[in-house]
Amino acid sequence: MVLAVYRAAFAILVVAAIAAQLADLVSRGVFNFVGFFSYFTIESNLIGVAAFVIAIRWQTNRPHWVDLVRGASTVYLTITFVVFAILLSNTDVDTALPWVDLVLHKIFPIVVIADWLIDPPALPITARQAAFWIVYPLAWVAYALTRGAFTGHYPYPFLDPANGGYGTVALYIVGIFLLGMLVIAVVAAVARLRGRGSNRRA
């Protein structure tokens, strides 16, 4: 029950933060629907909200696919947290409201990571299952680059070839890919270790 309230409260907070930022952009006449929802930050936070809602629905007797969704959201929000801290902390990424920035880039990623540690999967995450978590970030990068080539708008400066050319963009993508694979390995390993510990205590 406590965990369900925890998940519901933070899911509502994230939705409120995204809605507040959207309303602020609309009020200033600078809202672009496709552009706003093309940010990895926005998408990863919405995936995290969906994972929390699904986990609330299956609080007990949870199917394994629910934990795969939870693991994916943990990976994506960890990437959001790390990439923002390293590359984007002083960049305008359409989260100009300070409290929204705090919620989406810092608080919720930490909350999702904590949720994974507190309530680990009952079954281990296999390497093959975990490998599928990288598909969405790679698809997002392909989308962002393709859209940017046609519109001239890239969601983040490190994806814009105007900032050092495609070689520089490629280096950033490789670096983030390696970060993603490391995060995936850690999230899956933590699930195995924490799951075993929980089973021993049960």
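Above: the structure in question.
Below, the structure is looked at part by part. Just so it is clear, the structure is predicted and the values come from calculations on it, not from any experiment.

### Some remarks on the overall build of the chain
Next, step 1: Counting its secondary structure elements, the chain contains eight helices and zero strands.
Next, step 2: Element order for the chain, N to C, with α for helix and β for strand: α-α-α-α-α-α-α-α.
Next, step 3: A compact globule built from 202 residues should have a C-alpha radius of gyration of about 17 Å, and the chain, at 18 Å, falls within 12% of that.
Next, step 4: A burial count over the chain gives 42% of its 202 residues as buried.
Next, step 5: Summarising the internal contacts of the chain: among those between residues at least 6 apart in sequence, 77% fall at separations of at least 24.
Next, step 6: Of the roughly 10100 Å² of accessible surface on the chain, 72% is carried by carbon and sulfur atoms.
Next, step 7: Mean positive and mean negative side-chain charge positions of the chain (13 and 9 charges, respectively) differ by 16 Å.

### Section: empty space enclosed by the protein
Next, step 1: Under the defined criterion, the tally for this structure stands at one cavity of 30 Å³ or more.
Next, step 2: The calculated volume of the largest cavity comes to roughly 240 Å³.
Next, step 3: Looking at the largest cavity, it is lined by 19 residues, and the ones nearest its centre are F40, I79, W140, V141 and I176.
Next, step 4: Taken together, the elements giving at least two residues each to the lining of the largest cavity come down to α3 (40-57), α4 (64-88), α7 (135-151) and α8 (165-201).
Next, step 5: Counting residues per element, the lining of the largest cavity draws most heavily on α4, which supplies five residues.
Next, step 6: In terms of residue class, the lining of the largest cavity is made up of 16 nonpolar, three polar and no charged.

### Remarks on the nonpolar core
Next, step 1: The biggest cluster of nonpolar side chains holds 44 residues, and the ones touching the most others in it are V75, L104, F108, W133 and W140.
Next, step 2: Among the secondary structure elements, those contributing two or more residues to this core are α1 (2-27), α3, α4, α5 (98-118), α7 and α8.
Next, step 3: Sort the elements by how many residues they give to this core and α4 lands first, with eight residues.
Next, step 4: When neighbours within four sequence positions are excluded, V75 is seen to be in contact with W133, V183, I184 and V187.

### Brief notes about the environment of P98
Next, step 1: By the secondary structure assignment, P98 is in helix α5.
Next, step 2: Put simply, P98 and Q21 are 77 residues apart on the chain and 9.9 Å apart in space, counted from C-alpha to C-alpha.

### Overview of α1
The periodicity of an α-helix, 3.6 residues per turn, causes residues three or four positions apart to be oriented the same way.
Next, step 1: In a regular helix each residue adds 1.5 Å, so 26 residues correspond to 38 Å; α1 covers 37 Å between its end C-alpha atoms and thus fits that length.
Next, step 2: Every buried residue of α1 is listed here: L3, A4, R7, A11, V14, A17, I18, Q21, D24 and L25.
Next, step 3: Where α1 is buried, its residues contact α2 (33-36), α3, α4 and α5.
Next, step 4: Looking one or two residues past α1, G29 carries a phi angle of roughly 70°, positive in sign.

### Focus on the packing of aromatic side chains
Next, step 1: Scanning the model with the defined rule gives 16 aromatic pairs in all.
Next, step 2: On the basis of an interplanar angle of 75° and a centroid distance of 5.2 Å, the ring pair of W58 and W65 is categorised as edge-to-face.
Next, step 3: For W65, a relative accessible area of 41% gives the class partly exposed.
Next, step 4: Across the ring face of W58, the terminal group of R57 is positioned such that the distance to the ring centre comes to 4.5 Å.

### Details of α3
Next, step 1: An ideal rise of 1.5 Å per residue puts 26 Å on 18 residues; α3 measures up with 26 Å between its terminal C-alpha atoms.
Next, step 2: Those residues of α3 not exposed but buried are F40, T41, I42, S44, N45, G48, V49, A51, F52 and A55.
Next, step 3: Elements in contact with the buried residues of α3: α1, α2, α4, α5 and α7.

### Examining the packing of α1 against α5
Each packed pair of helices is defined by two parameters, the angle between the axes and the distance between the axes.
Next, step 1: The contact between α1 and α5 brings their axes to 10 Å, and the two run at 155°. Overall, the two elements α1 and α5 adopt an arrangement that is roughly antiparallel. By crossing handedness, the relation of α1 to α5 is classed as left-handed. Two secondary-structure elements touch here, α1 through L3, Y6, R7, F10, L13, V14, A16, A17, I18, A20 and Q21 and α5 through W99, V100, V103, L104, I107, F108, V111, A114, D115 and I118.
Next, step 2: Looking at the contact of α1 with α5, its residues break down into 18 nonpolar, one polar and two charged.

Calculation notes
Residues numbered from 1 in each chain as written. Predicted model: local features only at pLDDT ≥ 70, side-chain atom pairs only at ≥ 80, totals over all residues. Heavy atoms only, no water. Helix = DSSP H or I, 4+ residues; strand = E, 2+ residues; numbered from the N terminus. Rg over C-alpha atoms; globule rule 2.2 N^0.38 Å. Buried < 20%, exposed > 50% of the residue type's maximum accessible area, 1.4 Å probe, protein only. Contact = heavy atoms within 4.5 Å. Areas by Shrake-Rupley, 256 points an atom, 1.4 Å probe, with all protein chains shown as cover. Lys, Arg positive; Asp, Glu negative; His and termini not counted. Charge placed at Lys NZ, Arg CZ, Asp CG, Glu CD. 1 Å grid on protein atoms, 1.4 Å probe; cavity = no way out; pocket = protein on both sides within 12 Å on 5 of 7 lines; lining within 4 Å. Points joined across faces, edges and corners; volume = space filled by probe spheres on them. Nonpolar A, V, L, I, M, F, W, Y, C, P; charged D, E, K, R; others polar. Core = buried A, V, L, I, M, F, W, Y, C linked by side-chain atoms within 4.5 Å. Expected span 1.5 Å × (residues − 1). Phe/Tyr/Trp six-rings, centres within 6.5 Å; stacked < 30°, edge-to-face > 60°. Lys NZ or Arg CZ within 6 Å of the ring centre and 35° of its normal. Axes fitted to C-alpha atoms, helices over the stretch in contact; angles between N-to-C directions. Parallel < 35°, antiparallel > 145°, perpendicular 65-115°, else oblique. Left-handed = near helix turned anticlockwise from the far one by under 90°.

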